[in-house]
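Structural overview
What follows is the residue order along each chain.
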Amino acid sequence: MSFDQLETELAERRAAHLYRRRRLLESPQGPEIVVDGVRGLAFCSNDYLGLANHPALKQALIDGAERFGVGGGASHLVMGHSSAHHQLEEALAEWTGRPRALLFSTGYMANMGAINALIDKRDAVFQDRLNHASLLDGGLLSGARFQRYLHNDVTSLEQRLARTDARRKLVVTDGVFSMDGDIADLPALSAVTRQAGGWLMVDDAHGFGCLGPQGGGCVEHFGLGIDEVPVLVGTLGKAFGTAGAFVAGSEALIETLIQHARSYIYTTSMPPAVAWATLSSLKLVRDESWRRDKLNTLIALFRQGASALGFELMDSPTPIQPILIGEASEALRISQALEDEGIFIGAIRPPTVPAGSSRLRVTFSASHSEEHVLRLLDALERVGRPRA
Ligand SMILES: *Cc1c(COP(=O)(O)O)cnc(C)c1O
């Protein structure tokens, strides 16, 4: 068999401006990065608090390697659950105000594992249509009846919940939507879910660190406890600046995941030094609220400036500030023109976002300065034609 078919498909993808390619990052994350040998200003990472290259975290990673070595060596259930992992789980449980937390190696695995440990073909799963791919994939794999409701639309969810007689009803949503930056209406989603006897699962990959006085994310922002959000997922590769993820919840939830989450059971534990470094990261996330204040200042400056230039922004109070462009080819053109000006911003295209809603996904970090934002606005004015 030849790969001609694959080559044809790839060529079609290229022609449709949907081809994805990897860039070579030659520096740490930060406001200025080096990509394919070129230095520029970056607005495209999820390192929202500027911790990925923080000296205290680097030192903690080194200390962790000295204490625990490099590899996890085995899965958690065999002999890979180190005291570094355990301490981090306890610290995350305390910080989120939940009885227990469980570490996973990635957010993708946390979502796949948690959903599949909780539901099967006797059940129903309800997902916001803009949920992250890992949540959608987890729901599809579970074999549960799969329904998408309109984006952040409580009535749409309520109607679907009313029509099911499934054993379990799991409602799943991003806390902060990764490509739009808006915040899920968790108080209302929680109310209708509880009314229907379901469970609400919130993946707050982009809210943790950014929202709430102590960076506790959407649930802290809205003041929601374990009764309102019984399954809470956070990732550590974004605002925390390290890697991995966690699920926080009740004793029964966490024990169920340990028994049944296949992406927890059948994989090597994350390097314990990463867990060790994340303990330091958690302190910075919690205590250095100036990073959140700084972000809010930068976000306000950007929104005001970009609106004044006529760009179409989305309803986002978070560091994810997409500029809606429309056609994939135009999003790519502006992204390339910005790069020629020394500014890196990713063009997000279908299938990551719906057709016709290609966008520049601008993200801010506490390590940006106001001057960086002004440089971005200046370049946008020169190269980015606003939507008519
Ligand atoms: C990034 C992301 C994930 C995946 O987390 P990783 O640790 O990068 O695998 C899951 N959910 C959402 C909403 C995300 O944005």
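Residues numbered from 1 in each chain as written. Predicted model: local features only at pLDDT ≥ 70, side-chain atom pairs only at ≥ 80, totals over all residues. Heavy atoms only, no water.

Split into domains, the protein chain comes out as domain 1 (16-49 + 289-383) and domain 2 (55-287). Between domain 1 and domain 2, the C-alpha centre-to-centre distance is 26 Å. Tallying the contact residues gives 21 residues for domain 1 and 23 residues for domain 2. For the pairing of domain 1 and domain 2, the buried interface totals around 1,600 Å² over both sides, and the portion due to carbon and sulfur atoms is 58%. Taken as a group, Tyr48, Leu49 and Arg292 account for 30% of the area that domain 1 buries against domain 2, more than any other trio of residues on that side. Counting every contact that joins domain 1 to domain 2 gives one salt bridge. Put simply, arginine 359 and aspartate 180 hold a salt bridge, and the shortest N to O gap is 2.9 Å. Across the contact surface, domain 1 and domain 2 share 12 residue pairs in polar contact (both at pLDDT 80 or more). When its residues are assigned to classes, the side of domain 1 that touches domain 2 shows 11 nonpolar, five polar and five charged. (Domains from an automatic or database assignment. Contact = heavy atoms within 4.5 Å. Buried area = accessible area lost by both parts, 1.4 Å probe. Salt bridge = Lys/Arg side-chain N within 4 Å of Asp/Glu carboxyl O. Polar contact = N/O pair within 3.5 Å; in protein donor to acceptor, adjacent residues only side chain to side chain. Nonpolar A, V, L, I, M, F, W, Y, C, P; charged D, E, K, R; others polar.)

With that settled, consider the packing of aromatic side chains. For any pair of aromatic rings, geometry is given as the distance between the ring centres together with the angle between the planes. The tally for this structure, following the rule as stated, stands at seven aromatic pairs. Taken together, a centroid distance of 5.7 Å and an interplanar angle of 75° make the contact between phenylalanine 43 and phenylalanine 364 edge-to-face. Here phenylalanine 43, found in the loop between strand 2 (38-42) and helix 2 (55-68), pairs with phenylalanine 364, found in the loop between strand 14 (358-363) and helix 15 (370-383); they are 321 residues apart in sequence, far enough to count as distant. Where phenylalanine 104 meets tyrosine 264, the ring centres are 5.4 Å apart and the plane angle is 65°; that geometry is what we call edge-to-face. (Phe/Tyr/Trp six-rings, centres within 6.5 Å; stacked < 30°, edge-to-face > 60°. Helix = DSSP H or I, 4+ residues; strand = E, 2+ residues; numbered from the N terminus.)

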